[in-house]
Amino acid sequence: MEYLITILLIAYGIIQYDMRHIENKKSRNLFNLICCIFIVLSSIAYHIGTDAYAYLNEFDEYINLSSINTKYLLSFNRYQPGWVLFQVLSKSIIPSYYFMKLLYASFINIIICNFIRSNTKYVFTGLLLYGVILYLFFNFEIYRQAMAVAIFLFSLKFFNARKWIKYIISVGCAFLFHSSALILLVVPFFNFKLYKQHLIISIALAVGLFAIKDLALDYVQSFLSIGLIPAVSGSDLIEYYMNSDRYGDSGFSISNLIYYCFYVIFPLFSIYYLNNKGYEIKYQGLIVFSCLIYLLGQIIPIFFRLNQYFQVINILFYVDIIMVLPQILFKRNWKLVSTTMCVFFVYFFSGTYFQEIGKMGYKSGVRYYPYYSIITEQTNPAREEIFNNMSSY
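Residues numbered from 1 in each chain as written. Predicted model: local features only at pLDDT ≥ 70, side-chain atom pairs only at ≥ 80, totals over all residues. Heavy atoms only, no water.

**Some words on the overall build of the protein chain**
So the rule is basically this: Helix and strand assignments follow DSSP, with helices taken as H or I runs no shorter than four residues and strands as E runs no shorter than two, numbered in order from the N terminus. Burial classification: accessible surface area is computed with a 1.4 Å probe over protein chains only, and a residue below 20% of its type maximum counts as buried, one above 50% as exposed, and the rest as partly exposed. The contact rule is simple, with two residues in contact once any of their heavy atoms fall within 4.5 Å. Computed by Shrake-Rupley with a 1.4 Å probe, the accessible areas treat only the displayed protein chains as cover when residues are assessed.
From N to C terminus, the protein chain includes 18 helices and 2 strands. Across the 393 residues in the protein chain, those meeting the buried criterion constitute 51%. Considering only contacts within the protein chain whose residues lie at least 6 apart along the sequence, 74% involve residues at least 24 apart. Surface exposure of the protein chain reaches about 19,200 Å², of which carbon and sulfur atoms provide 64%.

Laid out in structure tokens, this is it:
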């Protein structure tokens, strides 16, 4: 019911404001209300998500701020010092995991919602796609990387202004929460508009990587199996992703070809087409970089996790495809086409919640539905089984 109410509010906003090109006090209030709902649902969720359960169990292990030192901050092999400090500060204010979750949910959802509001006129369509594609993952799973993503989104104002020192400092802050943020040091090289030569190079690179990906995948797996990558930090994690049923299936199939066209070919041609029609997609170079990471993820699946940094930017692109492209191609019936495309995108991206996870045969969505809160502390038997057998996930 909680999810349904939120979706209905967003749908009302799309029909009443996005499709009528209206932006007023009422639309802003509705936007703010939905953002608050996002925060509250995340803050008071009880045993929702897989990683969240682990963070809940670990929270009591952190010490108080009065006892902290540099050695303690660096003593966690799995966690960066920024995340540890955040836990310690939160616990020192109010020693409750749910207070920490309130701070966390407020931080990431306010930044993401404001980023959507600042970069598109169709804000409710953006909220819908955020809710379907990222909200559950960011709010109930990848806490540390989501913090890094939020900091990266904040740093894009320095990226746009080409203030590279401030941008690099921001990336350093993101790195304090998740080591994968190092990939963001490459981002300044992708501050460009997609012209014909970029399109040709990108398509050629995409086709080339797709053609050799099976061969390259075999080489990487061979290197891992014979121990030629023992010194690489996270090599065990790389091997886990490559051997997993969920991320490691990158061989040729019709479904993989469809995903390849949707995530790589379609964005490149769409951006180029809209540029020629006088509509400029924001952050074009970063979308191209996201396509490149997707291609690399076909060879080394852990690269898919790096794309989390660009998913909100990709959402802005999808919003333009849903709301702007139909106005160019179908001027009289664009609202009907936009509605159809909106339903398709929701259907396409929600499919991941119906995939089986691990060895227990449960659907992915059982980690988030039904929704229970700390008010009732009700639990779901299937979800509890997943929590108790996390190694099977």
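**Some thoughts on a nonpolar patch on the surface**
Selection criterion: By definition, no residue in a patch forms a salt bridge, and every one has over 30% relative accessible area; like charges are joined within 9 Å, nonpolar side chains (Val, Leu, Ile, Met, Phe, Trp, Tyr) within 5 Å. In what follows, salt bridge is the name for a side-chain nitrogen of Lys or Arg lying within 4 Å of a carboxyl oxygen of Asp or Glu.
A contiguous nonpolar surface patch, about 420 Å² in accessible area, is contributed by Met-1, Leu-4, Ile-5 and Leu-8. With relative accessibility at 64%, the residue Met-1 sits in the exposed group.

**Digging into the nonpolar core**
Selection criterion: Within this scheme, the nonpolar core is defined by two criteria: the residues are buried Ala, Val, Leu, Ile, Met, Phe, Trp, Tyr or Cys, and they are joined through side-chain atoms within 4.5 Å.
Counting 116 residues, the largest nonpolar core has Trp-83, Phe-152, Leu-184, Leu-286 and Phe-310 as the members making the most contacts within it. Residue contributions to this core peak at 14 residues, all from helix H7 (residues 123-140).

**Digging into the side chain of Ser-180**
The residue Ser-180 is located in the loop between helix H9 (164-175) and helix H10 (196-225) in this model. Among residues more than four places away in sequence, those in contact with Ser-180 are Gln-145, Leu-306 and Tyr-309.

**Describing the confidence of the model for the protein chain**
Close reading of the predicted structure is inappropriate where its pLDDT is low. In plain terms, the rule: Per-residue confidence from the predictor is given as pLDDT, running between 0 and 100.
With 85% of its residues at a pLDDT of 70 or more, the protein chain shows a mean pLDDT of 84. pLDDT under 50 marks residues 223-235. Its contacts with residues more than four places away, or in other chains, come to 9 contacts.

**Examining the pattern of salt bridges**
Scanning the model with the defined rule gives 3 salt bridges in all. Glu-141 is the partner of Arg-367 in a salt bridge, and the nearest nitrogen-oxygen pair spans 3.5 Å. Of this pair, Arg-367 sits in the loop between strand S2 (362-363) and helix H18 (381-388) while Glu-141 is found in the loop between H7 and helix H8 (143-160), placing the two residues 226 residues apart along the sequence. Of the residues examined, Glu-141 reaches a relative accessible area of 2% and is grouped as buried.

**Here's the deal with the packing of aromatic side chains**
Two aromatic rings are characterised by how far apart their centres lie and by the angle between their planes. Where we set the bar: Ring geometry is summarised as follows: Phe, Tyr and Trp rings, the Trp one being its six-membered ring, pair when their centres sit within 6.5 Å, and such pairs are stacked at plane angles under 30 degrees, edge-to-face over 60 and tilted between the two.
This structure, assessed with the given rule, holds 49 aromatic pairs. Every member of this aromatic cluster is reached through a ring pair, and the members are Phe-262, Tyr-263, Phe-266, Tyr-294, Phe-304, Phe-317, Tyr-318, Phe-344, Phe-345, Phe-348 and Phe-349.

**Concerning unusual backbone geometry**
Looking along the chain, the bond that leaves Tyr-369 and enters Pro-370 is cis, with omega of 5 degrees. Relative to the helices and strands, Pro-370 resides in the loop between S2 and H18. In this model, Arg-162 sits at a positive phi of 60 degrees, which is unusual for a non-glycine residue. One can find Arg-162 in the loop between H8 and H9. A positive phi angle is found at Tyr-283, which is not glycine, with a value near 55 degrees. Checked against the element boundaries, Tyr-283 lands in the loop between helix H12 (254-276) and helix H13 (284-297). Take Tyr-283: its relative accessible area is 11%, and that puts it in the buried class.

**Some details on H12**
Definition in use: By this rule the span expected of a helix is its residue count minus one, scaled by 1.5 Å.
For H12, with 23 residues, the first-to-last C-alpha span of 31 Å sits near the 33 Å given by 1.5 Å per residue. Every buried residue of H12 is accounted for by Asn-256, Tyr-260, Phe-262, Val-264, Ile-265, Pro-267, Leu-268, Ser-270, Ile-271, Leu-274 and Asn-275. Residue Gly-278 follows H12 closely and has a positive phi angle near 90 degrees.

**Quick look at the environment of Leu-153**
Looking at the element boundaries, Leu-153 is found in helix H8. Classification of Leu-153 by relative accessible area gives buried; the value is 3%. For the pair Leu-153 and Ser-170, spaced 17 residues apart in sequence, the C-alpha separation works out to 9.7 Å.

**As for the side chain of Thr-125**
Locating Thr-125 in the fold gives a position in helix H7. Contact partners of Thr-125, with chain neighbours within four places excluded, come to Ile-14, Asp-18, Val-319, Ile-322 and Met-323.

**Topic: helix H3 (residues 50-58)**
Looking only at H3, the buried set comprises Thr-50, Ala-52, Tyr-53, Tyr-55 and Glu-58. Those residues of H3 that are buried are in contact with helix H5 (81-93), helix H6 (97-119), H7, H8 and H18.

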